Amino acid sequence: MAMHEKVDVAIVGAGASGSVFAAVLAKAGKKVVVLETGPDWQLSDLISSDFWGRRIKAAGAPFLLAGKNPFGYGYQSGWGVGGAALHYFANLPRLLPNDFKIRSEHNRALDWPISYQDVAPYYDKVARDIGVSGNAKAEEIWRPAGEPYPMPPMKTFRNGEVWLKGFEALGIRMVPAAVGMNSTDYKGRPACIYDGWCHIGCPTGALSNPLVTYLAEARKAGAEVRARSTVTRVLTNRQGTRVRGLEYYDAKKERQVQEASVVVLAAWSAQNPRLLLNSATDRHPRGLANASGLVGKYMMCHYSSGTWALFDQDVQNHLGTTGAQFMSYDRYGKTAHPGVFGSSFIVAGSALKTSDLGGFANARLDLFGAELQAFMKRAARGLTRIGAFGEELPNLDNRIELAADKDEFGMPLGRLHHSFDQDAVGLWNANFEEGLRIAKATGAREVWSARGNMPTIHLMGGTIMGTDAGNSVVNSYGQSHELPNLYLAGPGIFPTAGASNPTNTIFALSLRGAEQLAAKWGAVEL
């Protein structure tokens, strides 16, 4: 076993949240080490191919899946430096004020210990930091005013524009999607070329993944990124009152210890609880930061109700961005659909490729052989889709727990239990019904629902924030209630999921937590 020189901060995970903490703290003069399980990717490794793009998707020890709706995590986590934000769609909508007080306003779910107003300044700062294209003024029909985005909206193409007639017919307002992509050159990074390969990584730097934003800033400020380093335990002092570092295995599978004044767990939402539970001691027999018994509990996700439309005209469906050209919060009220509960977030105009995630080959699961080939020839010119993301409410039964099976380092595998409740199923169906009405109003030749197994998207929860150690794992900054020099980062600290893509909120909360840690360093690292 090797012992490394003690550092100020050891961060687990080099993705969206870990890169923010690394940048803020390194620029504040702290000695920072980031430990990442996977390889140290470069932009040149991001090849525009569904096949090669799978290298940056989930890898490492598997999670065991259980429940009525097992969580499919193949596209929801990342492998290597940059994490899932290497291949994310860069859709950067916000949570809205109604997401933060569901318990107070509806006697359902949980309240956040903070409000939209606490997070809003950090949404604005994220936009300046990484570059966001969109129309913030147009979004004010749904949210409080904020700063303008630093870049104008992205270009639009027919595969998004053909839907506007259908939305207008149903009275649904659409605005340009807020995306972490460059519509113009920004901070030395080029403008997007609209080739539609965002979901496997952007090799030009036009998409705001950590390699070209926060992680690049962290490295410039002196942070060390240690790839091929698999963390297995968070270590504590003898009294169990503070963390003292991390146990991990290096590329040679040799055990190492990295001591640190502060530890930040910024791994995937399923991995952070697994680490805390596996770090149990005599002083913390149920796992670290788990006095509430809520470590690994309240796992949540989104689900999508997709609708396809096939046009006779060429809709340029290979062009644009994988995420969206247009977005709408018009169904974001918690009771927007009669008889069901939860928000919906609508997007339109995704670039399509032949196969893999949301491709032509998956649009008609009932077709095979010659019939599928004939359909795909038509689809290559005329197919397009919309989607409505739905909100899942927090449920104690949806959880991460340790299994008896172990990985190659002797660490118990995580078992992820997940089932949707009737609210989620009802909202999923309501969004399908409305999607068909929208599609029929476009005048498309054929329309149909993208039904299959109810999908699971964007894992959140497991280390939720709250007011004290009795009802949560961390405070609103991600600081553990029990171990003051242990921080948690990422969507795991969300008490509710909302319906909009979580990455903008991940960035914003991480900025808020990292800046608080830097400002109160003397009190935290003692």
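Residues numbered from 1 in each chain as written. Predicted model: local features only at pLDDT ≥ 70, side-chain atom pairs only at ≥ 80, totals over all residues. Heavy atoms only, no water.

Engineer: I tried to follow the overall build of the protein chain on my own but got confused; where do I start?
Structural biologist: When its secondary structure is counted, the protein chain shows twelve helices and 17 strands. A compact globule built from 526 residues would reach a C-alpha radius of gyration of about 24 Å, and the protein chain, at 22 Å, matches this within 12%. Taking the principal axes of the C-alpha coordinates as reference, the protein chain spans close to 70 × 50 × 50 Å. Relative to its 526 residues, the protein chain shows a buried fraction of 63%. For the protein chain, long-range pairs separated by at least 24 residues make up 73% of all intrachain contacts whose partners lie at least 6 apart in sequence. Entry remark: accessible area of the protein chain is about 19000 Å², with carbon and sulfur atoms responsible for 50%. (Helix = DSSP H or I, 4+ residues; strand = E, 2+ residues; numbered from the N terminus. Rg over C-alpha atoms; globule rule 2.2 N^0.38 Å. Buried < 20%, exposed > 50% of the residue type's maximum accessible area, 1.4 Å probe, protein only. Contact = heavy atoms within 4.5 Å. Areas by Shrake-Rupley, 256 points an atom, 1.4 Å probe, with all protein chains shown as cover.)

Engineer: Explanation requested: the packing of helix 4 (residues 116–130) against helix 11 (residues 503–519) in the structure shown.
Structural biologist: Helix-helix packing: each pair is described by the crossing angle between the helix axes and the interaxial distance. Interhelical geometry of helix 4 versus helix 11 gives an angle of 105° and a closest axis separation of 8 Å. Taken together, helix 4 and helix 11 sit at an angle that is classed as roughly perpendicular. Contacts between helix 4 and helix 11 involve D118, V119, Y122, Y123, K125, V126, D129 and I130 from the first element and N504, T505, F507, A508, L509, L511, R512 and E515 from the second. A breakdown of the residues in the contact of helix 4 with helix 11 according to their chemical character gives nine nonpolar, two polar and five charged. (Axes fitted to C-alpha atoms, helices over the stretch in contact; angles between N-to-C directions. Parallel < 35°, antiparallel > 145°, perpendicular 65-115°, else oblique. Nonpolar A, V, L, I, M, F, W, Y, C, P; charged D, E, K, R; others polar.)

Engineer: Quick question: what am I supposed to make of unusual backbone geometry here?
Structural biologist: One can expect most non-glycine residues to show negative phi and most peptide bonds to be in trans. Here the phi dihedral of K253 falls at roughly 65°; this positive angle occurs in a residue that is not glycine. Residue placement: K253 occurs in the loop between strand 7 (243–249) and strand 8 (255–265).

Engineer: What is the right way to look at the pattern of salt bridges in this model?
Structural biologist: Should the charged atoms of two oppositely charged side chains come close, the side chains can pair. As enumerated under the stated definition, the model contains 25 salt bridges in all. Close ionic contact of E217 with K27 constitutes a salt bridge, the shortest N to O distance being 2.7 Å. Of this pair, E217 sits in helix 7 (residues 214–220) while K27 is found in helix 1 (residues 16–27), placing the two residues 190 residues apart along the sequence. Taking the relative accessible area as the measure of exposure, K27 reaches 54% and is therefore exposed. Across the salt bridge formed by D124 and R94, the nearest N and O atoms sit 2.8 Å from each other. Here D124 is found in helix 4, whereas its partner R94 is found in the loop between strand 3 (64–66) and helix 3 (102–106), with 30 residues between them in sequence. Here D124 matches R94 in class, with each residue buried. Through salt bridges with shared partners, a single network forms among D99, K334 and E391. (Salt bridge = Lys/Arg side-chain N within 4 Å of Asp/Glu carboxyl O.)

Engineer: Explain the packing of helix 1 against helix 11 to me, please; I cannot follow it from the model alone.
Structural biologist: For the pair helix 1 and helix 11, interaxial distance at closest approach is 9 Å and the crossing angle is 30°. Classified by the angle their axes make, helix 1 and helix 11 are roughly parallel. With respect to the hand of their crossing, helix 1 and helix 11 are arranged in right-handed fashion. Of the residues in helix 11, those in contact with A16, S17, V20, F21, V24 and L25 of helix 1 are I506, F507, S510, L511, G513, A514, E515, L517 and A518. Residue composition of the contact of helix 1 with helix 11, by class: eleven nonpolar, three polar and one charged. (Left-handed = near helix turned anticlockwise from the far one by under 90°.)

Engineer: Which parts of the structure should I look at to understand the sheet that holds strand 3?
Structural biologist: Adjacent strands of a sheet form backbone hydrogen bonds with each other and so pair up, either parallel or antiparallel. One open sheet holds the three strands; their spatial order is 3-14-13, and the pairing between them is mixed. Of all strands in the sheet, those bounded by a partner on one side alone are strand 3 and strand 13 (399–406). In this sheet, adjacent strand axes meet at a mean angle of 30° when their direction is disregarded. Examined bridge by bridge, strand 3 and strand 14 (residues 412–417) share three bridges and lie parallel to one another. Residue pairing across strands places L65 opposite L416, the latter belonging to strand 14. (Pairing = 2+ DSSP bridges.)

Engineer: How should I be thinking about helix 8 (residues 271–278) in this particular structure?
Structural biologist: Spacing of three or four residues puts side chains on the same side of an α-helix, whose turn is 3.6 residues. Most of helix 8 sits out of view: eight of its eight residues are buried. Listed as buried for helix 8 are Q271, N272, P273, R274, L275, L276, L277 and N278. Those residues of helix 8 hidden inside the fold are in contact with strand 1 (2–12), strand 6 (230–236), strand 8, strand 13, strand 14 and strand 17 (486–488).

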